[in-house]
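# Structure at a glance
Next come the chains, spelled out residue by residue.
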Amino acid sequence: MVDISIADATVEQILANQKGLIAIGAGLAVGLSGIASGIAEKDIGAAAVGAMAEREELFGKGLILTVIPETIVIFGLVVAILLLFL
Amino acid sequence: MSFLIRRGSKKYPYITARVRAMKSKLFPREVYPKLMNMDIPEITRLIGESEYKQDVDELAQKYSGLDLLEHALNQNLARTYRKLLRVSQDEPNFLITEYLRHWDIWNIKTILRGKYYGAQAQEILDAVVAAGQLGYRELTSIANMESIDDIKTALANSPYYAAIADYDGGELSAIENELDKIYYSRLLASIGKSKGEKLSLKYIKTEIDLKNLKTLFRTKKAGLVKDDIFELLIPGGMEFKSGDLNRMSSLPWSDFLKGLEDYSYWSEISEVVSEDMTSLMDVEALLDKYAMGYASRVSHYYPLSILPIYDYMLRKNMEINNIRTIVRGKKVKLPDEIIRKHLVM
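Predicted model only: the values in this text are computed from it and were never measured.

Time to look at the overall build of chain B. Counting secondary structure elements, chain B contains 20 helices and 0 strands. Radius of gyration (C-alpha) of chain B: 21 Å, near the 20 Å computed for a compact globule of 345 residues. Its C-alpha atoms put chain B at 60 × 55 × 50 Å along the principal axes. Counting all 345 residues of chain B, 51% fall into the buried class. Taking the contacts inside chain B whose residues are at least 6 apart along the sequence as the reference set, 64% of them involve residues at least 24 apart. Summed over all atoms, the accessible surface of chain B reaches about 16700 Å², with 52% contributed by carbon and sulfur. Counting 50 positive and 48 negative side-chain charges, chain B places the centres of these two groups 7 Å from one another.

With that out of the way, let us pick up the interface of chain A and chain B. Many descriptions give the size of an interface as the accessible area lost when the pieces come together. Each partner contributes residues to the interface: chain A has 9 residues there, and chain B has 9 residues. Overall, the association of chain A and chain B removes approximately 780 Å² of surface from exposure, summing both partners, and the carbon and sulfur fraction of that is 62%. Looking only at chain A, the three residues that lose the most surface to chain B are Gly50, Glu54 and Arg55 of chain A, adding up to 57% of its buried area. The interface formed by chain A and chain B holds 3 salt bridges in total. A salt bridge links Arg18 of chain B to Glu54 of chain A; its shortest N-O distance comes to 2.8 Å.

As a further point, take the side chain of Lys316 of chain B. Residue and element names in this part refer to chain B. You can see Lys316 is positioned in helix H19 (residues 307-331). At a separation of 3.5 Å, a polar atom in the side chain of Lys316 contacts the side chain of Tyr52. Leaving out residues up to four positions away in the same chain, Lys316 has contacts with Leu26, Tyr52, Asn76, Leu77 and Thr80.

Residues and elements named next belong to chain B. On average, residues of chain B carry a pLDDT of 82, and 97% of them reach 70 or more. Between the elements of chain B, mean pLDDT differs from a low of 47, seen in helix H1 (residues 2-8), to a high of 90, seen in helix H2 (residues 12-23). A low-confidence stretch, residues 1-8 (pLDDT under 50), is modelled with 8 contacts involving residues beyond four sequence positions or located in other chains. The ipTM assigned to the predicted complex is 0.77, against a pTM of 0.84.

Moving on: the packing of helix H1 (residues 11-54) of chain A against H2 of chain B. Axis separation between H1 of chain A and H2 of chain B bottoms out at 7 Å; the angle between their running directions is 30°. The orientation of H1 of chain A with respect to H2 of chain B, classified from their angle, is roughly parallel. The way H1 of chain A lies across H2 of chain B gives a crossing that is right-handed. Of the residues in H2 of chain B, those in contact with Asp43, Ala46, Ala47, Val49, Gly50, Ala51, Ala53 and Glu54 of chain A of H1 of chain A are Pro13, Tyr14, Ala17, Arg18, Ala21 and Met22 of chain B. Along the lines of polarity and charge, the residues of the contact of H1 of chain A with H2 of chain B split into 10 nonpolar, 1 polar and 3 charged.

All names here are of chain B. Positive phi outside glycine occurs at Asp90, with the angle close to 50°. Residue position: Asp90 is located in helix H7 (residues 90-116). Positive phi, normally seen in glycine, also occurs at Lys333, with a value near 60°. The topology assignment puts Lys333 in the loop between H19 and helix H20 (336-342).

Looking now at the pattern of salt bridges. On inspection of all chains with the given rule, the structure shows 20 salt bridges over all chains. The shortest N-O distance in the salt bridge between Lys83 of chain B and Glu54 of chain A comes to 2.7 Å. Taken together, the residues Lys83 of chain B in helix H6 (residues 65-87) and Glu54 of chain A in helix H1 connect one chain to another. In terms of burial, Lys83 of chain B and Glu54 of chain A fall into one category: buried. Each of the salt bridges in this network shares a partner with another, and the network as a whole consists of Glu54 of chain A together with Arg18, Lys25 and Lys83 of chain B.

Residues and elements named next belong to chain B. The topology assignment puts Ser305 in the loop between helix H18 (281-301) and H19. Looking at Ser305, the relative accessible area reads 2%, which means it is buried. At 2.8 Å, the side chain of Ser305 forms a polar contact with the backbone oxygen of Tyr302. There is a polar contact of 3.1 Å between the side chain of Ser305 and the backbone nitrogen of Leu307. Look past the residues within four positions of Ser305 in its chain and what remains in contact with it is Tyr12, Thr16 and Leu199.

The rules behind these values
- Every chain is numbered independently, its residues counted from 1 as its sequence is written.
- Both sets of labels track the order of writing: A upward for chains, 1 upward for ligands.
- Reporting in this predicted model follows two pLDDT cut-offs: at least 70 for local features of residues, and 80 or more for side-chain atom pairs to be given and counted; totals over whole chains, interfaces and linings ignore these cut-offs and use all residues.
- Side-chain measures were taken over the full set of non-hydrogen atoms in the model, leaving aside hydrogen atoms and water.
- Strands are runs of DSSP state E lasting at least two residues, helices are runs of H or I lasting at least four, and both sets are numbered from the N terminus onward.
- Every radius of gyration here is taken over C-alpha atoms, with the globule rule written as 2.2 Å times N^0.38, N being the number of residues.
- Think of it in three bands: residues with accessible area under 20% of the maximum for their type are buried, residues over 50% are exposed, and the middle band is partly exposed, with areas taken using a 1.4 Å probe on protein chains only.
- When checking whether two residues touch, look at their non-hydrogen atoms; a contact exists if any pair is within 4.5 Å.
- Note on areas: Shrake-Rupley, 1.4 Å probe, and residue coverage restricted to the protein chains presented here.
- Note on charges: Lys and Arg go in the positive column, Asp and Glu in the negative column, and His and the chain ends are not counted at all.
- By convention, the point assigned to a charge is CZ for Arg, NZ for Lys, CD for Glu and CG for Asp.
- By definition, the buried area sums, over both parts, the 1.4 Å-probe accessible area that each loses when the two are put together.
- In what follows, salt bridge is the name for a side-chain nitrogen of Lys or Arg lying within 4 Å of a carboxyl oxygen of Asp or Glu.
- A 3.5 Å cut-off defines polar contacts: any pair of N or O atoms within that distance qualifies, except that in protein one atom must be a possible hydrogen donor and the other a possible acceptor, and neighbouring residues in sequence count only when both atoms are side-chain atoms.
- The predictor reports its confidence for every residue as pLDDT, a score running from 0 up to 100.
- With axes taken as lines fitted to C-alpha atoms, and helix axes fitted only over the stretch in contact, angles between N-to-C directions fall between 0 and 180 degrees.
- Oblique is the label for any angle not under 35 degrees, not over 145, and not in the 65 to 115 range, which are roughly parallel, roughly antiparallel and roughly perpendicular in turn.
- For a crossing to be left-handed, the near helix must be turned anticlockwise from the far one by less than a right angle; the clockwise case is right-handed.
- Gly is placed with the polar residues, together with every amino acid not listed as nonpolar (Ala, Val, Leu, Ile, Met, Phe, Trp, Tyr, Cys and Pro) or charged (Asp, Glu, Lys and Arg).

Listed below in structure tokens is the structure:
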């Protein structure tokens, strides 16, 4: 392993390093919020399908309720965009 | 391994949402007064246009009038319960299976009773509800058997054999009681320690309490002696522990009513209970109502658990009992007031 000390690094290297960390942060923001909304949607989706199996007219309501946790991942996406472009 | 799967995974969201949707299809309370004003053919037509359509259509070739309705109701109940088994998985499926063994007990009792009174196989089969582990085919073959020994052999592998092993075709009450006890002790023993199962346990224990309470009222009123009463009670209740049952069964009628004040059920029935009450109909109706209210209440406390399913099963059963009460009451021309008292809404 190459031992890089921050005192020896050039300005370009430090900037590149920061960009990398920002990219990782943005990735985590989208990825983790994606997993979280997945967990939240799993039960709602199952329940919506269960209710729909008995009453087809609940399709619209079930669909809307199922995608409500999708907002979490949108927040994640917004955070990622802010990180990357601002 | 399947043991671990059952304990570990909880697949409640699907089944509870489905059951709630099924519950919304039950008859609302307002329908019963309407049914009371109709004749039997009109009731049959209304039932035939509702959720019972498939059953009424299927059986319309074989039966008519009151028979048709009775059979359609029985068949629909069995079909509904089997459907719950079909659409559930893992823990809920296990708990429903155990709970539905109640109908095995019911069917064995029905067959033995039928044989005792010399009924035809077809008559016996009319009254069975194939919602438990014993399927309709199995029940048909058992009902067609002539001798009690054959029936015992057919049931030799079932857990209920212990109760009927010594039965010789005579008096049934002891056997019936034994069957109930086996059912509840197996049910309580099979339920484990997970959160969902503990909730289930609480519900079943309350059910046992209410059953014991009814038995206590009936036997006390009939003036049975302590040992006979205690023999009929089912151990394992929530509030009525073994010691309580022992004490309550030994008290005379007036002290028994006073003793009841220590239990939470008293507030439900205190209005109609008095020392000189002649009929137990009101108390039993109130206890049934309490059971239904309790099931509905706890099902709202724990929406993602087995309780909404139990609640639905109870309501479905009550609906069918109510329709049957109305129809039978109409058939024998009972006054509306009495029929209304028997309805659980």
